[in-house]
There are 2 protein chains.
Amino acid sequence: MDIFSTLQEEKARLSPSETRIADILLNDFEFAVNASIIELAEKADVSPPTVTRFCRRVGCESFSDFKVQLARTAYVGMRYLRPEPKSRDPGDVAQDIITKAQNALFLLHRSLDLAAIEQAAEKIAKAGMIYAFGSGGNSSMIASELQNRLFRFGLHVTASSDHGMQLMLAAAAKSTHVIVGSSFSGRNTELVRSFTLARETGVTTIALTQADSLVAKAADIVIPIDLAEGNNIFRPTSTRIAYLAAVDILASLVAYNIPQAAVTLRRIKQQLVAHRDGDDRQLLGD
Amino acid sequence: MDIFSTLQEEKARLSPSETRIADILLNDFEFAVNASIIELAEKADVSPPTVTRFCRRVGCESFSDFKVQLARTAYVGMRYLRPEPKSRDPGDVAQDIITKAQNALFLLHRSLDLAAIEQAAEKIAKAGMIYAFGSGGNSSMIASELQNRLFRFGLHVTASSDHGMQLMLAAAAKSTHVIVGSSFSGRNTELVRSFTLARETGVTTIALTQADSLVAKAADIVIPIDLAEGNNIFRPTSTRIAYLAAVDILASLVAYNIPQAAVTLRRIKQQLVAHRDGDDRQLLGD
DNA sequence: GATCCTTGCAAATTATTTTCGTGATAAGTT
DNA sequence: AACTTATCACGAAAATAATTTGCAAGGATC
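Residues numbered from 1 in each chain as written. Chains lettered and ligands numbered in written order. Predicted model: local features only at pLDDT ≥ 70, side-chain atom pairs only at ≥ 80, totals over all residues. Heavy atoms only, no water.

Draft legend 1. Representation of the overall build of chain A within the structure. Each helix and strand in chain A was counted, giving 15 helices and five strands. When the 286 residues of chain A are sorted by exposure, 55% land in the buried category. Long-range contacts, defined as pairs at least 24 residues apart, comprise 67% of the intrachain contacts of chain A with a sequence gap of at least 6. When the accessible surface of chain A is totalled, it reaches about 11900 Å², and 51% of it is carbon and sulfur. (Helix = DSSP H or I, 4+ residues; strand = E, 2+ residues; numbered from the N terminus. Buried < 20%, exposed > 50% of the residue type's maximum accessible area, 1.4 Å probe, protein only. Contact = heavy atoms within 4.5 Å. Areas by Shrake-Rupley, 256 points an atom, 1.4 Å probe, with all protein chains shown as cover.)

Draft legend 2. Up close: the pattern of salt bridges. Counting across every chain of the model gives 13 salt bridges over all chains. A salt bridge links A:Arg193 to A:Glu190; the nearest nitrogen and oxygen atoms lie 3.7 Å apart. Remark: A:Glu190 and A:Arg193 occur in helix H11 (residues 189-200); sequence separation between them is three residues, near one turn of the helix. We note a salt bridge from B:Arg149 to B:Asp248, for which the minimum N-O separation is 2.9 Å. A residue pair is termed long-range when its members are at least 10 positions apart, and B:Arg149 in helix H9 (residues 136-150) and B:Asp248 in helix H14 (residues 236-256) qualify at 99 residues. Each member of the pair, B:Arg149 as well as B:Asp248, is classed as buried. One network of salt bridges, in which partners are shared, links A:Glu145, A:Arg149, A:Asp248 and B:Arg240. (Salt bridge = Lys/Arg side-chain N within 4 Å of Asp/Glu carboxyl O.)

Draft legend 3. Inspection of the protein's contact with DNA strand C at higher detail. Surveying the vicinity of DNA strand C reveals 18 residues, the closest of which are A:Ile37, A:Ser62, B:Ser15, B:Ser17 and B:Ser47. The sugar-phosphate portion of DNA strand C accounts for 64% of its atoms within 4 Å of the protein, the bases making up the rest. A:Ile37 is positioned such that a nitrogen or oxygen atom in its backbone is 2.6 Å from a phosphate oxygen of DNA strand C. In this structure, A:Phe63 approaches DNA strand C through a main-chain N or O atom, which is 3.0 Å from a phosphate oxygen. If you list the elements that add at least two residues to the surface near DNA strand C, you get helix H4 (37-44) and helix H5 (48-57) of chain A together with helix H2 (16-27) and helix H5 (48-57) of chain B. When residues of the surface near DNA strand C are assigned to their parent elements, the largest contribution, four residues, is made by H5(A). Here the surface near DNA strand C is composed, by residue class, of eight nonpolar, seven polar and three charged. (Near = heavy atom within 4 Å. Polar contact = N/O pair within 3.5 Å; in protein donor to acceptor, adjacent residues only side chain to side chain. Nonpolar A, V, L, I, M, F, W, Y, C, P; charged D, E, K, R; others polar.)

Draft legend 4. Broad picture of the packing of aromatic side chains. Residue and element names in this part refer to chain A. Summed over the entire model, instances satisfying the criterion amount to eight aromatic pairs over all chains. Geometrically, the ring pair formed by Phe184 and Tyr243 is stacked, given 4.0 Å between the ring centres and 20° between the ring planes. Taken together, the residues span a long stretch of sequence, with Phe184 in the loop between strand S3 (178-183) and H11 and Tyr243 in helix H14 (residues 236-256) at a distance of 59 residues. Like Tyr243, Phe184 is buried. One cation-aromatic arrangement involves Lys43 over Phe31; the distance from NZ or CZ to the ring centre is 4.4 Å. (Phe/Tyr/Trp six-rings, centres within 6.5 Å; stacked < 30°, edge-to-face > 60°. Lys NZ or Arg CZ within 6 Å of the ring centre and 35° of its normal.)

Draft legend 5. Molecular detail of the pairing of strand S4 (residues 204-209) of chain B. All names here are of chain B. The buried count for S4 comes to six of six residues, which makes it a mostly enclosed element. Neither face of S4 is left uncovered, since the one carrying Thr204, Ile206 and Leu208 and the one carrying Thr205, Ala207 and Thr209 both have all their residues buried. Bridge count between strand S3 (residues 178-183) and S4: six bridges; the pairing is parallel. Across the sheet, residue Ser183 finds its bridge partner in S4, namely Thr209. This β-α-β element, S3 to helix H11 (residues 189-200) to S4, shows right-handed connectivity. For S4 and strand S5 (residues 221-224), the ladder comprises four bridges, and the chain directions are parallel. (Pairing = 2+ DSSP bridges. Right-handed = clockwise from strand over helix to strand, strands pointing away.)

Draft legend 6. Here's a closer look at unusual backbone geometry. Even without being glycine, A:Asp212 reaches a positive phi, approximately 60°. Judged by relative accessible area, which is 65%, A:Asp212 ranks as exposed.

Draft legend 7. Highlighting the protein's contact with DNA strand D. Taken together, 19 residues form the shell around DNA strand D, and within it A:Ser15, A:Ser17, A:Thr50, B:Ile37 and B:Thr52 come nearest. When atoms of DNA strand D within 4 Å of the protein are split into backbone and base, the sugar-phosphate part holds 68%. Here a phosphate oxygen of DNA strand D sits 2.4 Å away from a polar atom, N or O, in the side chain of A:Ser17. Contacts to DNA strand D include B:Ile37, whose backbone N or O atom sits 2.6 Å from a phosphate oxygen. Put simply, the parts of the chain that give the surface near DNA strand D at least two residues each are helix H2 (16-27) and H5 of chain A together with helix H4 (37-44) and H5 of chain B. Here the surface near DNA strand D is built from residues that sort into eight nonpolar, seven polar and four charged.

Draft legend 8. Highlighting the sheet that holds strand S2 (residues 157-160) of chain A. Residue and element names in this part refer to chain A. The strand order across the open sheet built from five strands is S2-S1-S3-S4-S5, with neighbouring strands paired in parallel fashion. Of all strands in the sheet, those bounded by a partner on one side alone are S2 and strand S5 (221-224). This sheet shows a mean twist of 15° between the axes of neighbouring strands, independent of strand direction. Pairing of strand S1 (residues 130-134) with S2 involves four bridges; the strand directions are parallel. Looking across to S2, one finds that Tyr131 is bridged to Thr158. In the packing of H11 onto the sheet, the strands contacted are S1, S3 and strand S4 (204-209), and the crossing angle to S3 comes to about 160°. (Axes fitted to C-alpha atoms, helices over the stretch in contact; angles between N-to-C directions.)

Draft legend 9. Structural detail: the sheet that holds S5(B). Residues and elements named next belong to chain B. Strand order across the open sheet formed by five strands is S2-S1-S3-S4-S5, with parallel pairing between neighbours. Only two strands of the sheet have a single neighbouring strand rather than two, namely strand S2 (157-160) and S5. Put simply, the sheet's adjacent strands are angled 15° from each other on average, direction ignored. Most of the contacts of H9 go to strand S1 (residues 130-134), to which it runs at about 160°, and overall it touches S1, S2 and S3.

Okay, structure coming up:
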């Protein structure tokens, strides 16, 4: 799909000359996007035709197509190749974190299952009661974020990060209710238990989790969020940013499914514009 | 700086032919980045030289430079020109949200005051006790995130979203302590009061907020987070993502200032790799 | 009516791609 | 082991295509 991932896949199969070209891309990216085919060829100590062939090899139509692809993916993908920040220099750390966050959003957008999200939004909009479940520092934040967003549309919602409480709520839930559960790893077996229990009484269960995971298999509707685990397991913040964005999308679609939500939101907006001297709570609107 | 902003500034001064070229860029961007100068010229109904002149006019060296610039800024900037999503179609909503989030990260990275963050990180790393303050759905999340991140480095930290509690904590704080307060709007007057009170006893106060705001003026160290308000006041999630990233950077730098944090984190990582069958809580590491 | 700006044409320049041939390496054959 | 033969990488040069420049014509403005 994008050049850098192709490059990583093909790396082993490249010839010496092509490897030299690849090295320039990775090391002196700035030069590569601005250079002409001749300059690039000279720097890599190869002939222009070899550069053209290289471009074709990594899946581009032509050299100019290659440059466009390069420039396009660069902003997001450039540092993706360097798994760890090079130094402890604040600038590098910041760059690394921002890039990983950008990347998480980028990957999320690519792999988003819109049909599932819309289906989930419809169910949520019609639900008599919504339970947002999630445990651990990450998923519990997602659960409370869901509560935070949904109650403003006039929906009945409660969040819980307590497994015992989740089980009780799941046991008491009715068929018109919806449970939305979040699990970054997909291996939250307690959540699986709540889902299974709830489904016995016809409760709709929605999971934000990794596709094909235990949690995914236990839910009615799965909103899969699959990010390259290697890059994120030790840096959950970027994964969390992707989850937050997914919740944002879900909540927006829920709003569109509730006629009066638009009215309420418009009123909040007008309120915000008219009265701008409160504290953070004025940022309620959306 | 980037092409689209130049384009917006120059728009009024463009000639009819150049306006036609600009229109193509804005309306059929995909075509524009992939087209040759001839194709673009034909579509705009002008001659190739006019396209070259147009490129110079918007600050590029040449047509190919122009294309690279275009492709480069496009990913982040493209939809920035369209302030509102075009439709309620899930794809458009998702696109809009993701783009705004990307943009928030982009703007954050540009405007980041690294010196302030590093200064804050040093203070936090040495603090006897840390208080993370924030109110409202947004800032309270940031406060608990700070707690979440910092306690793992062996630091003493507590988060509070309650104004009354914040005041009491601030009154009881000692000069070796640090208060980190978050306010998206910068107008949280209760937080200002806590800061002012705390500074009387020499407590270091750190604010994550808008530059030159009330809260910023009341703090010792300000980590300014200024995002285009117009785009974010009604859509706080993207601003929040920027705040989360800022907290991530801050926490990473704090870790580098604590020698034993590295050891602890490494142990957590090994733990994670060895034992991969728990639930979400396994994603503790960073 | 003079001047300035915009624009296109055609030529010149430059960049890119194709074609073709050489040399190297590997696999099969005598 | 020595000799084909196939395959591939690569570069030189030619062919092609794209881009830029110089210049002149057409319009608008003062």
